[in-house]
Amino acid sequence: MNKNSNTYQILYAAIMVIVVGAVLALVATSLKPRQQENIANDTRKQILSAIHQTAPADDQVEATFNKFIVRDYLVDTTGAIVDTTRNCAFDVNMKTNVKEAQPKLPVFEARVDGATKYIIPMYGAGLWGPIWGYVAINDDGHTIYGAYFSHSSETPGLGAEIENAPFQDRFKDKSLRYENGAVVAPSVMKKAANGDEIDAVTGATITSKGVDAMFKKCLAPYAAFLATKGGACDKPACDKQSECGK
Amino acid sequence: MLSKRNKEVLFNPLSKDNPVLVQILGICSALAVTVKLEPAIVMGLSVIVVLACSNVIISLMRKTIPTSIRIIVQLVVVAALVIMVQQFLQAFSYDVSKQLSVFVGLIITNCILMGRLEAFALSNKPWPSFLDGVGNGLGYMIVLVIVAFFRELLGSGTLFGLQVIPQWCYEHGYMNNGLMILPPMALITAACIIWVHRSRNKDLQENNK
């Protein structure tokens, strides 16, 4: 058979594409359940990181998650709980959610050593791609218990440092405060001096600004919800919680 | 199994005919994934798998491939294998796939792959093609690991994410070299390796008479 005839070439290409397509479709569909489970478990791990918990083993992520996260729900901008279906907050896709005019406001309620923590998901932009995170707030409604950040494509060693503990630990015990009725998250900035400012990552100005903007934007709609828990600390930039009287 | 020629096919790419050091192929990905050792190793392993498999497949098909569309055929085979590697990583090694993110997909554009398919697999039997793929993949991986070793050590003071430069060095004024983390230093590190490699292998040096 003439290998250079048009018929042969077209047939060859067509058959090859069909075979390759079929093989890829088979691989993709058979691995899909595993991949989705991995993604869900990865999200669970990230939420657990915000309250400083890790699963003892990879196959116990879901059990650990269910142990600490007692319930999840959606709230509205007035602070009322609107949906308490199990996993309703877990199933919110933050990527599309933040773009909506009236985003859903998911909250995960966790109990750590008898104390209640409220975990709020965040989503924003870094230098090269999206960044996201979770912040856990104490039941006083203004002290940050822990924060977790991750990214899809920040520079390793620079912007990517936001996913490491040294940066995330800087958020612990900082407090949210009120300004004109809106909640103001602590600022991420260079040379943080004041008690409620957080040192940015050296060499990663734009990623740090992205974290700052994400933090402020994503926490703002929760003002009313947090107010029902005791509210934001009303003294500007206070570093001693006991003086707040709340 | 390993005749003299097959041994050459397998071991030459490690040093004398190294794809990165001598043929200067695959430099772009060597630059992107060598900030830390772990992704460099996984990337190297992925390239070995894709290169060996695609070499075997193309070698099996070599007598049927129409010459005028051979590049497209090679590309489809490589792309399919890369997507499969990506899917398997996502299913069985999710953390690593997160680290490598887009770079696994970029194996498709790695010139070493097309180069070996074109130069070797199209005209050789499956077994030597397999060895050629493994050899070239290893040659690529060795360079990635050496570059990543120096970049992670000098850039972050760590190896495999573990701190190796003791704290007292920092206390006495030592600082991590931030420049090592940036892409240009991968090229400079690779150039230094090429320099050392050439000065040790006189037969690689061009005659300047």
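Above: the structure in question.
Computed from a prediction, not measured in an experiment: that's the story for all the values here. (Residues numbered from 1 in each chain as written. Chains lettered and ligands numbered in written order. Predicted model: local features only at pLDDT ≥ 70, side-chain atom pairs only at ≥ 80, totals over all residues. Heavy atoms only, no water.)

Our next topic: the overall build of chain A. Looking only at helices and strands, chain A has six helices and 10 strands in total. The buried share of chain A, reckoned over its 246 residues, is 47%. Across chain A, contacts joining residues at least 24 apart in sequence account for 52% of those joining residues at least 6 apart. A total accessible area of about 12,300 Å² is found for chain A, and carbon and sulfur atoms account for 54% of it. (Helix = DSSP H or I, 4+ residues; strand = E, 2+ residues; numbered from the N terminus. Buried < 20%, exposed > 50% of the residue type's maximum accessible area, 1.4 Å probe, protein only. Contact = heavy atoms within 4.5 Å. Areas by Shrake-Rupley, 256 points an atom, 1.4 Å probe, with all protein chains shown as cover.)

All names here are of chain A. For D139, the location among the structural elements is in the loop between β5 (130–138) and β6 (144–151). Accessibility expressed as a relative area gives 43% for D139, which makes it partly exposed. As a C-alpha pair, D139 and T116 span 23 residues in sequence and 5.6 Å in three-dimensional space. If sequence neighbours within four positions are ignored, D139 has contacts with T116, Y118 and K229.

Once that is clear, we can look at the packing of helix α1 (residues 4–11) of chain B against helix α8 (residues 126–156) of chain B. For any two helices packed against each other, the geometry is given by the interaxial angle and the distance between the axes. Residue and element names in this part refer to chain B. Axis separation between α1 and α8 bottoms out at 7 Å; the angle between their running directions is 30°. Relative to α8, α1 is oriented roughly parallel. Of α8, the residues touching α1 (which contributes R5, N6, V9 and L10) are W127, P128, L131, D132, V134 and G135. Grouping the constituent residues of the contact of α1 with α8 by class yields six nonpolar, two polar and two charged. (Axes fitted to C-alpha atoms, helices over the stretch in contact; angles between N-to-C directions. Parallel < 35°, antiparallel > 145°, perpendicular 65-115°, else oblique. Nonpolar A, V, L, I, M, F, W, Y, C, P; charged D, E, K, R; others polar.)

At D113 of chain A, a position not held by glycine, the phi torsion is positive, near 50°. Following the sequence through the fold, D113 of chain A ends up in the loop between β3 (105–112) and β4 (115–125). Overall, D113 of chain A belongs to the exposed group, its relative accessible area being 79%. With a phi close to 50°, I24 of chain B is a non-glycine residue in the positive phi region. Turning to its location among the elements, I24 of chain B is positioned in the loop between α1 and α2 (27–32).

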